[in-house]
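So the chains spell out like this:
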Amino acid sequence: MIEIDLDLALEPFTLQVNVSFASQATVLFGPSGAGKTSLLETIAGLRPTVRGRISLQGTVLFDSSRRVFLPPEQRRIGYVPQEAALFPHLSVLENLQFGVSNGSSPLRVLPELIDLLDLGSLLERAPATLSGGECMRVALGRALATSPRLLLLDEPLRGLDVERKQRIVPYLLRLREAGRCPFLYVTHNHREAILLGHEVVLLTSGKIAAQGKPADLLSTKQYSFDL
Amino acid sequence: MTHQVANEIVALALTLRIAACAIVLILPFGILAAYGLSRYRGPGKSLIETLLALPLVLPPVAIGLILLELLSRSTSSILFTWKSAVIATAAMSFPLLVRGARSAFDAIDPRLADVARTLGRGPLYVFWRVTLPLAWRGVVGGLLTAFARALGEFGATIVVAGSIPGETRTLSLAIFQHIEAGRDAAAMRLVGLSLACAFLCLWSTERLLLRSKRGR
């Protein structure tokens, strides 16, 4: 369960968000420029925020009235930004291990993840030699290796061609069914939202416009941005 | 003649030593300043940048005079010792280091550091493991340019350190001395030495930056 109540000053508007969701897979849906990425960055603690409150499973991550601000490294929120942003100077394995400290339990998670995401054959490779889809799988693995409490995915399929998209989607579904950790998935793509979301939060021009089951919410043509 | 050669070797060794000390002195501050400037988005950014770039365009003698005022106020006087030459050289080379290192930091995708933080790593760890390794070529490039500048330092050094043989008389000061005394051939020999040193530094910088462009 994540609860968010924020005023976020963006150019050219202020994002006002008051929302909570508890699904395993929540899709944050809205047109480009609606402030989706900014909201993800704020949840991850990467963006200074003036007013509001964010809590995750009972832990307060940010509360302006009580002057609480947990730095990103203490939030245990995994973040997969657009185009994966792998560390270019590290191998795939080193990328996966980046957040895994020696001696802590997550070390046991890694083989499982390598299996789940089919990364076994890529471990020695450099990020520059990977395809867009492979990069995204590594970024997913890297984020999951730290056993986060929430995973933030920022348009993970953007920029991939149809064939690559189709290859990545099963991994995302596997991730969802594995119930490893809940995710918040940003997209402006209708089909992805319906396919992957248990729940959809609709963000338009700085406000939450609606929230509900993807089939109910997105079947009305009113909210299609990409078709 | 052999006496002269010995003097020239002394001047060269002194020049290298002073330049090296100056570079070691400014390295941590230069990296910090470059990284700070690259990350800072608040007010006064252009003012800070202008101030940091000033030594590049001010007459070195003017910097020397400012340093002379500052150093003469401190209790233990280091004026007219090799240490003051190091300080003058450091002040003149600093902006070049910052410029080189800064463009390297600027070229790094800021999301890399962001992601690293979300992976549970603190800012220092992220700097060591992500930011610096990705910027090292640019930092070393800035360092070599600054070193080349340090080798040629003249104006600020002569004001605060004078031209004492074996203590503060670096290559450029020795060249000046030779010209003053009409020893053109000796001056030219030192010019050749300076040229070789400067060429080596700048050439390695170019090679390094070229490779970092290809590496991306």
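Everything that follows concerns the structure shown earlier in this document.
Procedures and definitions
- Within every chain, residues take consecutive numbers counted from 1 along the sequence as written.
- Just so you know, chain letters begin at A and ligand numbers begin at 1, following the order they were written in.
- Predicted model: local features are reported for residues with pLDDT of at least 70 only, side-chain atom pairs are reported and counted for 80 or more only, and whole-chain, interface and lining totals are derived from all residues.
- To get the side-chain values, all heavy atoms of the structure are used, and hydrogens and water are removed first.
- Any pair of residues with heavy atoms lying within 4.5 Å of one another is described as a contacting pair.
- By buried area we mean how much accessible surface two parts lose on assembly, using a 1.4 Å probe and totalling the loss over both.
- Salt bridge criterion: a side-chain nitrogen from Lys or Arg within 4 Å of a carboxyl oxygen from Asp or Glu.
- Any N or O atom pair separated by 3.5 Å or less is treated as a polar contact, with the protein-specific requirement of one donor-capable and one acceptor-capable atom, and with residues adjacent in sequence counted only for side-chain atom pairs.
- Strands here mean DSSP runs of E at least two residues long; helices mean DSSP runs of H or I at least four residues long; both are numbered from the N terminus.
- For every residue, the accessible area (1.4 Å probe, protein chains only) is compared with the maximum for its type, and the residue is labelled buried under 20%, exposed over 50%, or partly exposed between those bounds.
- By this definition, two strands are paired if DSSP reports at least two bridges between them.
- Fitted lines through C-alpha atoms serve as axes, helices being fitted only where they are in contact, and the angles separating the N-to-C directions of these axes extend from 0 to 180 degrees.
- Any angle that is under 35 degrees is reported as roughly parallel, and any over 145 degrees as roughly antiparallel; angles of 65 to 115 degrees are reported as roughly perpendicular and all others as oblique.
- Definitions for this section: a left-handed crossing has its near helix turned counterclockwise from the far helix by less than a right angle. A right-handed crossing has that turn clockwise.
- Side-chain classes are defined by residue name, with Ala, Val, Leu, Ile, Met, Phe, Trp, Tyr, Cys and Pro counting as nonpolar, Asp, Glu, Lys and Arg as charged, and the others, Gly among them, as polar.

Colleague: Where do I start with the interface of chain A and chain B in this structure?
Modeller: How big an interface is tends to be expressed through the accessible area that disappears when the partners come together. At the junction of the two partners, chain A supplies 23 residues and chain B supplies 17 residues. Taken together, both faces of the contact between chain A and chain B bury some 1800 Å²; the carbon and sulfur share is 65%. Looking at the side of chain A facing chain B, the largest losses of area belong to E73, H89 and F98 of chain A, adding up to 36% of the total buried there. There are two salt bridges connecting chain A and chain B. Here R117 of chain B ties to E73 of chain A by a salt bridge, and the two come within 2.7 Å at their closest N and O atoms. Scanning the region where chain A abuts chain B turns up four residue pairs in polar contact (both at pLDDT 80 or more). For the side of chain A that touches chain B, the elements supplying multiple residues, two or more each, are β7 (77-80) and α4 (132-144) of chain A.

Colleague: I'm lost on the pairing of β7 of chain A in this one. Help?
Modeller: Side-chain direction in a regular strand flips from residue to residue, so the side chains alternate between the two faces of the sheet. Residue and element names in this part refer to chain A. Burial along β7 is two-sided: the face carrying I77 and Y79 and the face carrying G78 and V80 are both buried. In this sheet, strand β8 (residues 150-154) lies alongside β7 in parallel orientation, the contact comprising four bridges. Bridge assignment links Y79 to a residue of β8, and that residue is L152.

Colleague: Would you take a moment to explain the packing of helix α1 (residues 2-39) of chain B against helix α6 (residues 123-151) of chain B for this structure?
Modeller: Describing two packed helices takes the angle between their axes plus the distance from one axis to the other. Residues and elements named next belong to chain B. It is the contact of α1 with α6, at a shortest axis distance of 9 Å, that shows an interaxial angle of 140 degrees. Classified by the angle their axes make, α1 and α6 are oblique. α1 and α6 meet at a crossing whose hand is right-handed. On α6, the residues touching T15, L16, A19, A20, I23, L27, I31 and Y35 of α1 are F127, T131, L132, V139, L143, A146, F147, A150 and L151. In terms of residue class, the contact of α1 with α6 is made up of 15 nonpolar, two polar and no charged.

Colleague: Even after reading the chapter, I still don't get the side chain of E41 of chain A, so can you show me in this structure?
Modeller: Residue and element names in this part refer to chain A. For E41, the location among the structural elements is in helix α1 (residues 36-44). With a relative accessible area of 16%, E41 lands in the buried category. E41 has contacts with L46, R47 and Y79, leaving out every residue within four places of it along the chain.

Colleague: Explanation requested: the environment of I18 of chain B in the structure shown.
Modeller: Residues and elements named next belong to chain B. Inspection of the secondary structure assignment puts I18 in helix α1. Judged by relative accessible area, I18 falls into the buried class, the value being 2%. The sequence separation of I18 and M92 amounts to 74 residues, and the corresponding C-alpha distance is 13 Å. Excluding residues that lie within four positions of it along the chain, I18 makes contacts with W82, A85, V86, T89, E167 and T170.

Colleague: Before we go on, may I ask you to explain unusual backbone geometry in this structure?
Modeller: Trans peptide bonds make up the majority, and among non-glycine residues the majority have a negative phi. All names here are of chain A. The phi dihedral of A84 falls on the positive side, at around 70 degrees, and the residue is not glycine. With respect to the secondary-structure elements, A84 resides in the loop between β7 and α2 (92-97). Exposure remark for A84: the relative accessible area of 0% places this residue in the buried category. For E155, which is not glycine, the phi torsion reads 40 degrees and is therefore positive. Position of E155 relative to the elements: it lies in the loop between β8 and α5 (162-178).

Colleague: Got a minute to help me understand the pattern of salt bridges in this structure?
Modeller: Close approach of charged atoms allows side chains of opposite charge to pair. Residues and elements named next belong to chain A. Across all of its chains, the model carries 19 salt bridges over all chains by this definition. We note a salt bridge from D7 to R51, for which the minimum N-O separation is 3.1 Å. Separated by 44 residues along the polypeptide, D7 in strand β1 (residues 2-9) and R51 in strand β4 (residues 51-56) bring together distant segments of the chain. Here R167 and E163 are joined by a salt bridge, their closest N and O atoms 3.0 Å apart. Placement of both R167 and E163 in helix α5 is noted, with a separation of four residues, approximately one turn of the helix. Each member of the pair, R167 together with E163, is exposed.

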